[in-house]
Amino acid sequence: MYSVRNIYGLTGKKSITVSVPGSKSITARALLIAAAAEGESVLHGAQFSDDCQTFLNCLKSLGVGCEVNGTTVKVRGCGGRLNTESEEINVGSAGTAARFLPAFLAFQSGCFTLDSSAQMKSRPIAPLINTLKELGAQFSFLQKDNCFPFTVRGADKINPSLCVDISGSSQFLSALLISAVCAKQPVTIKTSGSHGLDYVNMTLGIMREFGAETALDNGVYTVSGGYTAREYSIEPDLSAACYFYAANKILGTDIRVNGVDVRSIQGDYKFIELLKSFNGGKIDMSGFSDQALTLAAIAPYLNEPTEICGVEHIRKQECDRINAIVRNLTAMNVKCEERADGVKIYPSQPCAAQIETFGDHRVAMSFAITGLRSNGICIKNPEVCSKTFKEYFDVLTGVCEDLIE
């Protein structure tokens, strides 16, 4: 249990600087792209909380050479073709690994077995699997159809014209884009459904930096060429940084996060910009949905009711995040209304409560910010933050100490 310290009105020292880990999303993409490249890449500023460590362990199990020194990792690429044709990997609860690695293995020769945590077995992956079958891969499900665990046999003859439904996750498209270079021929990918594409644009940008050729024409993506090893610097994780900018919004402080730049390739920079002027109203967060929880956590302190919409898909992430918002705000005696694709939250002063995290790191980190301006907010199971930011509560404690004179 972590008891959040109410520091509202006590922050005489208003300006401090903190550091956050490297971007989880960029680290995962860079690891897989470097693994598929020709030669040895050096990645600087990598994050190795639980999710990225799991991704790295999976790559090692597949025979990819990886050497870690602090936040720097050397990756000896396989040139798009693994040296092994039969391995078992476990993606744990790492959503990015759970989407990216089946796609990568569908382009390989051989048969691979993939398992996951119980939590991951309930998360959607069927749209990606359907497309990988269209590619030519074969799947055998060991418990439940279209769920982990399963075996995947890589396509003997690749179909280079694909379509994927991204309404559940843009990661399905990113997974296909990254690994399409392994086909050694141009691959086209059409999409159905709608989803924010900021993370897809991030994916394409990193792919191009490693030498892949990409194009988008009338909704159809084309990938060709291959990856060449290089040195690459990973940005700080803006999803982590946003919690401290949210704290600024409700405390009137000036907490700055090292390395945050307006030129960031991460879509969550939109949230930092939003905070500069937003004091309630209706907001479509489909383009930066990881911050729906963060905004919900500070919404009671805003001037007007806040209506978050466009985030129905977050019901199928680590937990039903919309329901988690409603249950925890209700526990704090905050008036809110659950919607199919979001939530409406009314201004009020949150009361003391124990926050149920539902095994979700973002629930824990977001509602800790609420407690910076309310007495008696305690976070159950704070260790869930190890998924992406192991030191979060240590950093938050330090922030509170530094801000109070």
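Residues numbered from 1 in each chain as written. Predicted model: local features only at pLDDT ≥ 70, side-chain atom pairs only at ≥ 80, totals over all residues. Heavy atoms only, no water.

### Considerations on the packing of aromatic side chains
Each aromatic ring pair is characterised by the separation of its centres together with the angle its planes make.
Thought 1: Enumeration over the complete set of coordinates arrives at 11 aromatic pairs.
Thought 2: Summarising the aromatic geometry, the rings of phenylalanine 139 and phenylalanine 141 are spaced 6.0 Å apart at their centres and angled 10° between planes, so their arrangement reads as stacked.
Thought 3: By relative accessible area, which is 15% here, phenylalanine 139 ends up buried.
Thought 4: A ring pair is formed by phenylalanine 244 and tyrosine 392, whose centres lie 6.1 Å apart and whose planes are at 50°; its orientation type is tilted. Linking phenylalanine 244 in helix 8 (residues 238–251) with tyrosine 392 in helix 13 (residues 392–403), this pair joins segments that are 148 residues apart in sequence.
Thought 5: Taken together, the ring pairs connect Tyr2, Tyr243, Phe244, Phe389, Tyr392 and Phe393 into an aromatic cluster.
Thought 6: The ring of phenylalanine 210 carries arginine 230 above its face, with NZ or CZ at 5.9 Å from the centroid.
Thought 7: Sitting over the ring of tyrosine 8, arginine 373 keeps its end group 4.0 Å from the ring centre. (Phe/Tyr/Trp six-rings, centres within 6.5 Å; stacked < 30°, edge-to-face > 60°. Buried < 20%, exposed > 50% of the residue type's maximum accessible area, 1.4 Å probe, protein only. Helix = DSSP H or I, 4+ residues; strand = E, 2+ residues; numbered from the N terminus. Lys NZ or Arg CZ within 6 Å of the ring centre and 35° of its normal.)

### Things to note about the sheet that holds strand 21 (residues 377–379)
The strands that make up a sheet pair up through hydrogen bonds in the backbone, lying either parallel or antiparallel.
Thought 1: Pairing within the open sheet is mixed, and its 3 strands lie in the order 1-21-20. Looking along the sheet, the strands with just one partner apiece sit at the ends: strand 1 (2–3) and strand 20 (353–355).
Thought 2: Set on the sheet, helix 12 (residues 361–370) makes contact with strand 20 and strand 21; between it and strand 21 the angle comes to about 160°. (Pairing = 2+ DSSP bridges. Contact = heavy atoms within 4.5 Å. Axes fitted to C-alpha atoms, helices over the stretch in contact; angles between N-to-C directions.)

### What about the pattern of salt bridges?
Thought 1: Overall, the coordinates contain 20 salt bridges when judged by the stated rule.
Thought 2: Note that arginine 123 is salt-bridged to glutamate 318, the shortest N-O span being 3.7 Å. One end of the pair, arginine 123, is in the loop between helix 4 (118–121) and helix 5 (126–135); the other, glutamate 318, is in the loop between strand 17 (306–309) and helix 11 (321–331), with 195 residues separating them in the sequence.
Thought 3: Notably, a salt bridge pairs aspartate 261 with arginine 263, separated by 2.9 Å at the nearest N-O pair.
Thought 4: The exposure class of aspartate 261 is partly exposed, given its relative accessible area of 28%.
Thought 5: Connected through shared salt-bridge partners, Lys24, Asp51, Arg123, Asp290, Glu318, Arg321, Asp360, Arg362 and Lys387 make up one network. (Salt bridge = Lys/Arg side-chain N within 4 Å of Asp/Glu carboxyl O.)

### Details of the side chain of glutamate 318
Thought 1: On the basis of relative accessible area, glutamate 318 is assigned to the buried category, the value being 9%.
Thought 2: Of note is the side chain of glutamate 318, whose polar atom sits 3.5 Å from the side chain of lysine 387. (Polar contact = N/O pair within 3.5 Å; in protein donor to acceptor, adjacent residues only side chain to side chain.)

### Quick look at helix 5
Thought 1: The complete set of buried residues in helix 5 reads Leu128, Ile129, Thr131, Leu132 and Leu135. All buried residues of helix 5 fall inside an arc of 160° around its axis, so they share one side.
Thought 2: Looking at the packing, one finds that the buried side of helix 5 touches helix 3 (95–106), strand 8 (138–141), strand 9 (150–153), strand 10 (161–165) and helix 6 (171–179).
Thought 3: Trailing helix 5 by a residue or two, glycine 136 shows a phi angle of about 125°, which is positive. (Arc of directions from axis to C-beta.)

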